[in-house]
Amino acid sequence: MGRSLTLAERVEIHAGRREGLSQRQIAERIGRPQSTISRELSRHRDQAGNYLPVLAHARARQDRRRPKPFKLVANPELAAHVEAAMDQGWSPKLIADMLAREHPGEQTWRVSHETIYQALFVQGRGLLRQDLARQLSTGRTARKPRGGVERRGPSPFRDAFTIRERPAEVEDRAVPGHWEGDLIIGAGNGSAIGTLVERSTRFVILLHLPGRHTADAVADAMIREMSKLPEHLRRSITWDRGTEMADYARIQLELNAPVFFCDPRSPWQRGSNENTNRLLRHWFEKGTDLSQHGPERLAEVAATLNARPRPTLDYNTPAQALAQLLTAA
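Attention here is on the structure that accompanies the text. All values reported here derive from a predicted model rather than from experimental measurement.

**Describing the environment of glutamate 19**
If you trace the backbone, glutamate 19 turns up in the loop between α1 (7–18) and α2 (23–30). By relative accessible area, glutamate 19 is classed as partly exposed at 48%.

Rendered as structure tokens:
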């Protein structure tokens, strides 16, 4: 077991608090010292005293980041030496190589050519005189990505949870409340319908997206529909890395459910949803305008699919399986 709490353990802490368990009982349940539970709750409760596992996990991940001080900031003498060498027309690679030869074994006088390039080009470093960049043989004042392709902006999923962080309980479908989702796209990528399927019951929810399927629109629709479910039936959501989920942080916060993202080009990691989307094409054919289907039509189709007997449910229907969970709760 790792030293840091996992998201699954934080979800268990949240569940234990909801059940009224003591810190000692929660600690026994997840196999951690009671002091760990006490420290976790004192650090990550919000102003109202609530403990939200997704938010707590995100904050803990952020706190664990310890960016190293940039070497040329920590050593002004080294920075001055680099500037003087560049004034003489030396390249960053030559500077790095000569420092290694002249100061063997002295780490304070070692710097890579990549570090020098970053000091020149990466906004926010502010370490070396910016006019030095013009002295490079390329004459560039901005760095050009390799391969001749301009880099895109930072990924909106950089801090997102990956499918490898998903609790083990999701895989065996024994615990309800874990959903898979995606969009089915209409003609010319101009319209879409959001689809959500619960892994243990195969219950389907369809999201009405009357306009463009932007991140805001998808988040609004998902929060609106899934908020109708009790908390124990919205434990997690698994999606692919489409830009329509760029507002995943708001979804997590509003639903108090983590969003896990599949690996790129790995649709089998959402197998239940992929199969559901295939079935939905009976009503929503490829190459058609999906915006013509209003919310009433989507509800009708979802009800029809949820009333279909499933061999995986011993020929019960998803609606029956979900009703049993709601009755038990």
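**Quick look at α2**
Among the residues making up α2, those that are buried are Ile26, Ala27 and Ile30. The buried residues of α2 occupy one face: seen down the axis, they fall within an arc of 100°. The elements touched by buried residues of α2 are α1 and α3 (34–44). Just beyond α2, the residue with positive phi is glycine 31, at close to 75°.

**Describing the pattern of salt bridges**
Evaluated as defined, the whole model comprises 18 salt bridges. Of the charged contacts, one joins aspartate 97 and lysine 93 as a salt bridge, the two residues approaching to 2.9 Å between their closest N and O atoms. You can see aspartate 97 and its partner lysine 93 sitting in helix α7 (residues 92–102), four residues apart, about one turn around the helix. Residue class for aspartate 97 comes out partly exposed when judged on its relative accessible area of 35%. One salt-bridge network, in which partners are shared between bridges, spans Asp182, Asp240, Arg270 and Glu274.

**A look at the pairing of strand β2 (residues 178–185)**
Summarising burial for β2: seven of the eight residues are buried, a large majority. As defined by bridge partners, β2 adjoins strand β5 (residues 236–239) across three bridges and the pair is classed as parallel. Bridge pairing in β5 links tryptophan 179 to isoleucine 237. Where β2 and strand β3 (residues 192–198) come together, seven bridges link them in antiparallel fashion. The partner of glycine 181 across the bridge, within β3, is leucine 196.

**So, the sheet that holds strand β6 (residues 259–261)**
Pairing between sheet strands relies on hydrogen bonds along the backbone, with the strands arranged either parallel or antiparallel. The mixed open sheet is built from six strands, whose spatial order is β1-β6-β5-β2-β3-β4. Of all the strands in the sheet, just β1 (161–162) and β4 (204–209) have a single pairing partner and so form its edges. Sheet strands touched by helix α9 (residues 215–226): β2, β3, β4 and β5. Its angle to β4, the strand with the most contacts, is close to 140°. Seen against the sheet, helix α10 (residues 248–255) touches β1, β5 and β6 and runs at an angle of roughly 145° to β6.

Quick notes on the rules
Residues numbered from 1 in each chain as written. Predicted model: local features only at pLDDT ≥ 70, side-chain atom pairs only at ≥ 80, totals over all residues. Heavy atoms only, no water. Helix = DSSP H or I, 4+ residues; strand = E, 2+ residues; numbered from the N terminus. Buried < 20%, exposed > 50% of the residue type's maximum accessible area, 1.4 Å probe, protein only. Arc of directions from axis to C-beta. Contact = heavy atoms within 4.5 Å. Salt bridge = Lys/Arg side-chain N within 4 Å of Asp/Glu carboxyl O. Pairing = 2+ DSSP bridges. Axes fitted to C-alpha atoms, helices over the stretch in contact; angles between N-to-C directions.

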